[in-house]
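# Overview (structure and organization)
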Amino acid sequence: MAIEVKHITKLYGKQKALDDVSFSIKQAEIVGFLGPNGAGKSTMMKILTTYLPPNEGEAKVNTHSVSKDKKLVQQSVGYLPEHNPLYTELYVKEYLNFNAEIYGTSKSRVDDVIKTTGLTPEAHKKIGQLSKGYRQRVGLANALLHAPEVLILDEPTTGLDPNQLVDIRALIREMGKTKTVFLSTHIMQEVEAMCDRVIII
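The residue count restarts for each chain, going from 1 along the sequence in the order it is written. Side-chain atom pairs in this predicted model are given and counted only at pLDDT of 80 or more, local residue features only at pLDDT of at least 70, and totals for whole chains, interfaces and linings cover all residues. Water and hydrogen atoms play no part in the side-chain values, which are based on all heavy atoms of the structure.

### Here we look at helix α3 (residues 92-103)
Filter applied, for reference: Each helix corresponds to a stretch of at least 4 residues labelled H or I by DSSP, and each strand to a stretch of at least 2 residues labelled E; elements are numbered beginning at the N terminus. How far a helix is expected to stretch is found by multiplying one less than its residue total by 1.5 Å. The cut-offs for exposure are 20% and 50% of the maximum accessible area for each residue type, with area from a 1.4 Å probe on protein chains only; residues under the lower value are buried, those over the upper are exposed, and the others partly exposed.
In a regular helix each residue adds 1.5 Å, so 12 residues correspond to 16 Å; α3 covers 17 Å between its end C-alpha atoms and thus fits that length. For α3, the complete set of buried residues consists of Val 92, Tyr 95, Leu 96, Asn 97, Asn 99 and Ala 100.

### With respect to the pairing of strand β7 (residues 150-154)
Selection rule: Strands are treated as partners if at least two bridges between them are detected by DSSP.
With five of its five residues buried, β7 lies for the most part within the structure. Side chains Val 150, Ile 152 and Asp 154 of β7 all project onto a buried face; the interleaved residues Leu 151 and Leu 153 project onto the opposite face, where all are buried too. Two strands pair when backbone bridges link them, and β7 and strand β8 (residues 180-185) are joined in this way by five bridges, in the parallel orientation. By the bridge assignment, Leu 151 is partnered in β8 with Val 181.

### A short note on helix α5 (residues 132-144)
Over its 13 residues, α5 runs 19 Å from end to end, which matches the ideal 18 Å to within 8%, given 1.5 Å per residue. For α5, every residue scored as buried is listed here: Gly 133, Gln 136, Arg 137, Val 138, Gly 139, Leu 140, Ala 141, Asn 142, Ala 143 and Leu 144.

### Observations concerning the sheet that holds strand β3 (residues 30-34)
Sheet strands associate in pairs through backbone hydrogen bonding, adopting either a parallel or an antiparallel arrangement. Inclusion rule: Between N-to-C directions, angles cover 0 to 180 degrees, with each direction set by a line fitted to C-alpha atoms, over the stretch in contact for helices. The contact rule is simple, with two residues in contact once any of their heavy atoms fall within 4.5 Å.
The sheet built from five strands is open, its strands ordered β6-β7-β8-β3-β9 with parallel pairing. Here the strands that pair on one side only, and so sit at the sheet edges, are β6 (77-80) and β9 (197-200). This sheet shows a mean twist of 20° between the axes of neighbouring strands, independent of strand direction. Here β3 pairs with β9 via four bridges, running parallel. If you follow Gly 32 over to β9, its bridge partner there is Val 198. Packed on one face of the sheet, α5 meets β6 and β7 and runs near 160° to β6.

### Here we look at the pattern of salt bridges
Put simply, the test is: Here, a salt bridge means any side-chain nitrogen of Lys or Arg that lies within 4 Å of a carboxyl oxygen of Asp or Glu.
Scanning all chains against the criterion turns up nine salt bridges. Residues Glu 101 and Lys 107 are paired through a salt bridge, measuring 3.6 Å at the closest nitrogen-oxygen approach.

### Quick word on the sheet that holds strand β5 (residues 64-65)
Strand order in the open sheet formed by four strands is β2-β1-β4-β5, with antiparallel pairing between adjacent strands. Each having just a single partner strand, β2 (15-25) and β5 make up the two edges of the open sheet. Contacts from helix α1 (residues 41-48) reach β1 (3-12), β2 and β4 (56-61) within the one sheet, and its direction differs from that of β1 by about 120°.

### Overview of the confidence of the model for the protein chain
How we decide: Confidence scores here are pLDDT values: one per residue, from the predictor, ranging 0 to 100.
When the pLDDT values of the protein chain are averaged, the result is 94; 100% of them are 70 or greater. The least confident element of the protein chain is helix α7 (residues 188-194), whose mean pLDDT is 88; the most confident is β4, at 98.

### Remarks on the packing of α3 against α5
Condition: Angle categories are assigned with fixed cut-offs, so that under 35 degrees is roughly parallel, over 145 is roughly antiparallel, 65 to 115 is roughly perpendicular, and the rest are oblique. The hand of a helix crossing depends on one turn: near helix anticlockwise from the far one by less than a right angle means left-handed, and clockwise means right-handed. Think of it as three bins: nonpolar holds Ala, Val, Leu, Ile, Met, Phe, Trp, Tyr, Cys and Pro, charged holds Asp, Glu, Lys and Arg, and polar takes everything else, Gly as well.
Interhelical geometry of α3 versus α5 gives an angle of 25° and a closest axis separation of 10 Å. Judged by the angle between their axes, α3 and α5 are roughly parallel. Every pair of crossing elements has a handedness; the one defined by α3 and α5 is right-handed. Taken together, the residues of α5 that come into contact with α3 (itself represented by Val 92, Tyr 95, Leu 96, Asn 99 and Tyr 103) are Val 138, Ala 141 and Asn 142. A breakdown of the residues in the contact of α3 with α5 according to their chemical character gives six nonpolar, two polar and no charged.

What follows is the structure, given as structure tokens:
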């Protein structure tokens, strides 16, 4: 299994964000995580990417425990958070080169992810000049830099116009042919357009 979640509970003070949640996801599967705002989708994704520890239960990504093998989980996962954090004053290629150095990834990998995500025409622009759709592509390119086996995408299509939606959906479907993709949304049409199956929370 690419992702295994067993009896995960997460508390914020006395508030239960997640209550005894269990599921599993196979390799090279695109799975939608569907639920209303506030259901705990982002919290679960932060646990799977080691940003947050669970209060109870265990989760594994590529057989690595999110509690005991954090570094190995981080190496296995590409993460696009809901609010895509970008350095808007940097140029696209400059930003990706900067992150490639942090990952210890070769500069040739930057050219690969620019091509994969359709950023070639925008690669020499400042991120601040890009549309929301192209900024999402930069976030996806960054998530792909270290060639992760699992992609975790938190509301990847929020705020996109119809044309951008079509492009990002197609890009995610293409990535799902070789990678496990776990994406959250509260829109049923998104699940129908992109996913092999859905988990509802």
